[in-house]
Amino acid sequence: MVSALPDFPWDRLVPYKKLAESHPDGIVDLSVGTPVDPVPDVVRKALANASNSPGYPTTHGTDTVRRAAAGWLHRQHGVAVDPVDVLPTIGSKELVAWLPTLLGVGSGDRVVFPELAYPTYDVGARLAGASPYATDGLVSLGPERVPLVWVNSPSNPTGRVLGVPHLRKVVDWAREHGAVVASDECYIGLGFEEQPVSVLHPEVCGGSHDGLLAVHSLSKRSNLAGYRAAFVTGDPALIRRLLEVRKHAGMMVPAPVQAAMAAALGDDEHADRQRDLYAARRAALRPLLEAAGWTIEHSTAGLYLWATNGTGCWDQVRWLAERGILVAPGDFYGEAGKNHVRIGVTATDERIAAAAGRLQ
Ligand SMILES: Cc1ncc(COP(=O)(O)O)c(C=O)c1O
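Just so we're clear, the structure is a prediction, and the values are computed from it rather than from any experiment. (Residues numbered from 1 in each chain as written. Predicted model: local features only at pLDDT ≥ 70, side-chain atom pairs only at ≥ 80, totals over all residues.)

**Student:** Pulling in residues and values, what's your account of the overall build of the protein chain?
**Tutor:** In terms of helices and strands, the protein chain carries 12 helices and 13 strands. For 360 residues, the compact-globule estimate of 2.2 N^0.38 gives 21 Å, and the C-alpha radius of gyration of the protein chain, at 20 Å, lies within 12% of that figure. Reported as C-alpha extents along the three principal axes, the dimensions of the protein chain are approximately 55 × 55 × 40 Å. For the protein chain, the proportion of its 360 residues judged to be buried stands at 50%. For the protein chain, long-range pairs separated by at least 24 residues make up 74% of all intrachain contacts whose partners lie at least 6 apart in sequence. (Helix = DSSP H or I, 4+ residues; strand = E, 2+ residues; numbered from the N terminus. Rg over C-alpha atoms; globule rule 2.2 N^0.38 Å. Buried ≥ 20, exposed ≤ 12 C-beta atoms within 10 Å, placed from the backbone. Contact = placed C-beta atoms within 7 Å.)

And the structure:
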């Protein structure tokens, strides 16, 4: 049975959004990580060219999109997968939310994820009737059987990158305990001070993808959040299992979106340009936040600055909202975030400049 779902936390931010909106020069919304820059032309053309798609798409996706995904992983991240082991998903959030259910995790099982984390790992455990368990120390789990462990590097919300030794330890632990490691790598292309590495990289997994899944998304890399375009790859046996259930459940990516995904994965130029835009926005905000009394922690990759000025997160949210800047309170991501705020760099250059002016 599904355990109670948490309250939708964003409702608590509404009064602060109203406050920020009352700023004479308008709100600068840095609270959500939704892309604001245009969808690249190469991707829009591919979508348009595939618009005459009267037939059902396949759940496994076209050969073209699976080859494009495997090619991108190899070219950009040094990971070799057989295209047959790539499975397109309808954005990555649905996979995160349904993976425990799709893997047959259920009552009495613990789904493990980081103490500070994207809330959907918790939701996915509950949807499966399993127990969500937030911890950064796997050894605290003792000898119990754990079917599924999530890692997320670069992290939402902290922008922390897990290095090769850390990921290798997680993989070794999981293999000893028979757990699947699901690695949410949706920000992997956004390395700034540090370069993220995939759980499927041979230095991490020793060349075997047994028990491992890597989840990738086009939402941030290619501004495709509105298209719902992502994929999962890794252990061939696990991918086959996911494919089988997803076929029965009708979890398939629309054909024009598959064509758009293939074009996006085949082109690195737009992704490099987009990363440069985010780099400039981070560089504009970071020193001004520091001068205004914030310390930035982790945040070496991804789309967020994880910041604290030592007060409670809601006091920080209010202070910034009074200046028309909306950010997310750290406690949305776990108790350990109660003195932090998450500041997204997903706003236009014009809005980032407005925020910079207000912080000065
Ligand atoms: C860590 C993490 N995983 C997954 C997602 C879902 O992204 P999408 O469903 O757009 O692929 C997000 C979205 O912000 C995220 O932060």
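So much for the structure itself; the text now carries on.
**Student:** I'd like a description of the packing of helix H4 (residues 93-102) against helix H5 (residues 120-127), backed by residues and values.
**Tutor:** The description of two helices packed together rests on the angle between their axes and the distance between the axes. Between H4 and H5, the shortest axis-to-axis distance is 7 Å and the interhelical angle comes to 35°. Pair H4 / H5 crosses with right-handed handedness. Note on element contacts: H5 touches H4 through Thr120, Tyr121, Val123, Gly124, Ala125 and Leu127, opposite Lys93, Val96, Ala97, Trp98, Leu99, Pro100 and Thr101. Residues belonging to the contact of H4 with H5 are distributed by class as follows: nine nonpolar, three polar and one charged. (Axes fitted to C-alpha atoms, helices over the stretch in contact; angles between N-to-C directions. Left-handed = near helix turned anticlockwise from the far one by under 90°. Nonpolar A, V, L, I, M, F, W, Y, C, P; charged D, E, K, R; others polar.)

**Student:** Outline the packing of helix H3 (residues 63-77) against helix H9 (residues 255-265), listing residues and values.
**Tutor:** As a packed pair, H3 and H9 sit with axes 8 Å apart at the nearest point and diverge in direction by 25°. As summarised for this structure, H3 and H9 are arranged roughly parallel, according to the angle between their axes. Of the two elements, H3 crosses H9, and the hand of that crossing is left-handed. Here Thr64, Val65, Ala68, Ala69, Gly71 and Trp72 of H3 come into contact with H9, specifically with Gln258, Met261, Ala262 and Leu265. Counted by class, the contact of H3 with H9 contains seven nonpolar, three polar and no charged residues. (Parallel < 35°, antiparallel > 145°, perpendicular 65-115°, else oblique.)

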